[in-house]
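Take a look at the letters that make up each chain.
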Amino acid sequence: MAKTEALARVEKMYIDGFPDPATATVDDLRAAYDALLLQFPLPEGIEPVAGEAGGVPILFVTAEGAARDKVLVWFHGGGYVLGSAKGFQELGHTLSRAAGVTVVLPDYRRAPENKFPAAVDDGVAALSALVAEYGAANVVVGGDSAGGGLTLAALTVMRDKGESLPAAAVFISPLLDFTASGESVDLFDGKDIAVSRGSIANLGEGYLQGHDPKDPLASPLFADHRDLPPALFLVGSGEVLRDDSRRAAASISEQGGFASVSLYDDMVHVWPLFSSILPEGIQAADEAGSFVRKNLEL
């Protein structure tokens, strides 16, 4: 399949958007990632609103005409090290428009300052508080990359505590396995421009700081996946992390739940971040939005 001009442009943004990780500080990398994403402005008149949930700072992003009494809680990616609610506000708006609900972006604590399980603790605290506030039937949860891992980990914690769970879950290019045991890691290592076996190891070192990468809260691919809400996984066909989605969906299904995987041909890691210039990003956001609407009965 020939690479489109838009996809080539996005790949160049990924490659050129970061300083050399060998010499850059964590702050340098965070600033570069936010700058990469903040070049896509929100529509005029759309202003994120700051708040907190369970002691965790959050941003509300509501597209024009979207409901305010139903929410999609979205955990941003960045390997538990990079990314921020502000940096992901444009993706939040894209998903809010597609789903017709308000998107809530938690600013969970990041590594290396806050090692595992700080992000999971924050994810559970924020999601539990929002489910309590809005009602489980009015909440969907999701996340991209590490935020997808955080989503799945938080759901298993809440389930084990006997708490009500959101109506559904959405995952985009989730990072679910710090042991990098998926076949797709070897298939696409060196071809995937965003994620590699080496980058998974580096992020794991910063986040886990010696903790067992097979811990189900660190690598929720290895968790018990019973009694989870319906799940949709969206992932690029050539991603290093492709098989994280495939294996997690298979496990959820084998344990009696519903899970489906949509593969997008040749898409880069978390391609809906670039929906402003990438038609496939809009397509994926719309698929996620339809899934959210169905499960919230909108």
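Structure: see above.
Residues numbered from 1 in each chain as written. Predicted model: local features only at pLDDT ≥ 70, side-chain atom pairs only at ≥ 80, totals over all residues. Heavy atoms only, no water.

Peer 1: What is the right way to read helix H4 (residues 118-134) from this model?
Peer 2: Because each turn of an α-helix spans 3.6 residues, side chains separated by three or four positions end up pointing in the same direction. The first and last C-alpha atoms of H4 sit 24 Å apart over 17 residues, in line with the 24 Å expected at 1.5 Å per residue. In terms of residue burial, H4 counts as a mostly covered element, since 12 of its 17 residues are buried. Among all positions of H4, only Ala118, Ala119, Val120, Asp122, Gly123, Val124, Ala126, Leu127, Ser128, Leu130, Val131 and Tyr134 are buried. Just downstream of H4 lies glycine 135, where phi reads positive at about 90°. (Helix = DSSP H or I, 4+ residues; strand = E, 2+ residues; numbered from the N terminus. Expected span 1.5 Å × (residues − 1). Buried < 20%, exposed > 50% of the residue type's maximum accessible area, 1.4 Å probe, protein only.)

Peer 1: Is there a simple way to think about the packing of H4 against helix H5 (residues 146-160) in this case?
Peer 2: When two helices pack together, their arrangement is given by the angle between their axes and by how far apart the axes lie. At their nearest, the axes of H4 and H5 sit 9 Å apart, and the two run at 65° to each other. When the interaxial angle is binned, H4 and H5 end up roughly perpendicular. Both H4 and H5 take part in a crossing whose hand is right-handed. In this structure, H4 contributes Ala119, Val120, Gly123, Val124, Leu127, Ser128 and Val131 to the contact, and H5 contributes Leu150, Ala153, Ala154, Leu155, Val157 and Met158. Among the residues forming the contact of H4 with H5, the class breakdown is 11 nonpolar, 2 polar and no charged. (Axes fitted to C-alpha atoms, helices over the stretch in contact; angles between N-to-C directions. Parallel < 35°, antiparallel > 145°, perpendicular 65-115°, else oblique. Left-handed = near helix turned anticlockwise from the far one by under 90°. Contact = heavy atoms within 4.5 Å. Nonpolar A, V, L, I, M, F, W, Y, C, P; charged D, E, K, R; others polar.)

Peer 1: Got a minute to help me understand the sheet that holds strand S1 (residues 49-53) in this structure?
Peer 2: In sheet architecture, strand pairing relies on hydrogen bonds along the backbone and comes in two forms, parallel and antiparallel. Read from one edge to the other, the open sheet built from 8 strands follows the order S1-S2-S4-S3-S5-S6-S7-S8, with strand pairing classed as mixed. Here the strands that pair on one side only, and so sit at the sheet edges, are S1 and strand S8 (259-264). When the angles between neighbouring strand axes are averaged without regard to direction, this sheet yields 25°. Here H4 sits on the sheet in contact with S1, strand S2 (56-61), strand S3 (67-75), strand S4 (101-106) and strand S5 (139-144), set at roughly 165° to S3. (Pairing = 2+ DSSP bridges.)

Peer 1: Would you mind showing me how to read the pairing of S4 here?
Peer 2: Successive residues of a regular strand alternate their side chains across the two faces of the sheet. Among the 6 residues that make up S4, 6 are buried, leaving the element largely enclosed by the rest of the structure. In the sheet, S2 pairs with S4 via 4 bridges, with the strands oriented antiparallel. Looking at the pairing, leucine 59 lines up with leucine 105 of S4. Here S3 pairs with S4 via 4 bridges, running parallel. Looking at the pairing, alanine 67 lines up with valine 101 of S4. Read from S3 through helix H3 (residues 89-99) to S4, the crossover connection turns out right-handed. (Right-handed = clockwise from strand over helix to strand, strands pointing away.)

Peer 1: Explanation requested: unusual backbone geometry in the structure shown.
Peer 2: What you tend to see is this: most non-glycine residues have negative phi, and most peptide bonds are trans. Here alanine 111 and proline 112 are connected by a cis peptide whose omega angle stands at 5°. Summarising the element assignment, proline 112 is placed in the loop between S4 and H4. For the peptide bond that leads from phenylalanine 116 to proline 117, omega is 5°, which places it in the cis range. Mapping proline 117 onto the fold places it in the loop between S4 and H4. Not every positive phi belongs to a glycine, and serine 145 is a case in point at roughly 55°. In this structure serine 145 comes out as buried when scored by relative accessible area, which is 9%. Look at aspartate 266: it is not a glycine, yet its phi comes out positive at around 60°. Structurally, aspartate 266 can be placed in the loop between S8 and helix H9 (279-296). Assessed through its relative accessible area of 40%, aspartate 266 is described here as partly exposed.

Peer 1: Explanation requested: the nonpolar core in the structure shown.
Peer 2: Proteins that are soluble and globular tend to have nonpolar side chains buried together. Among the nonpolar cores identified, the biggest contains 101 residues, and Leu127 and Phe274 are the most heavily contacted of them. Apart from the residues lying within four places of it in its own chain, the contact partners of leucine 127 are Val73, Phe75, Val139, Val141, Ala154, Leu155, Met158 and Pro166. (Core = buried A, V, L, I, M, F, W, Y, C linked by side-chain atoms within 4.5 Å.)

Peer 1: Explanation requested: the pattern of salt bridges in the structure shown.
Peer 2: Pairing between side chains becomes possible if they bear opposite charge and their charged atoms approach one another. Applying the stated criterion across every chain, the model contains 15 salt bridges. We note a salt bridge from arginine 159 to aspartate 160, for which the minimum N-O separation is 2.9 Å. Classification of arginine 159 by relative accessible area gives buried; the value is 12%. Given the relative accessible area of 52%, aspartate 160 is considered exposed. Among the ionic pairs, arginine 226 bridges to aspartate 160, the shortest N-O distance being 3.7 Å. Within this pair, whereas arginine 226 is found in the loop between helix H7 (197-208) and strand S7 (231-236), its partner aspartate 160 is found in helix H5, the two being separated by 66 residues in sequence. Linked through salt bridges whose partners overlap, the residues forming this network are Arg159, Asp160, Asp224, Arg226 and Asp227. (Salt bridge = Lys/Arg side-chain N within 4 Å of Asp/Glu carboxyl O.)

Peer 1: Looking at this structure, how should I read the side chain of aspartate 244?
Peer 2: Assignment of secondary structure puts aspartate 244 in helix H8 (residues 242-254). You can call aspartate 244 buried: its relative accessible area is 2%. Those residues in contact with aspartate 244, other than ones at most four positions away along the chain, are Pro174, Leu175, Leu176, Asp177 and Leu221.

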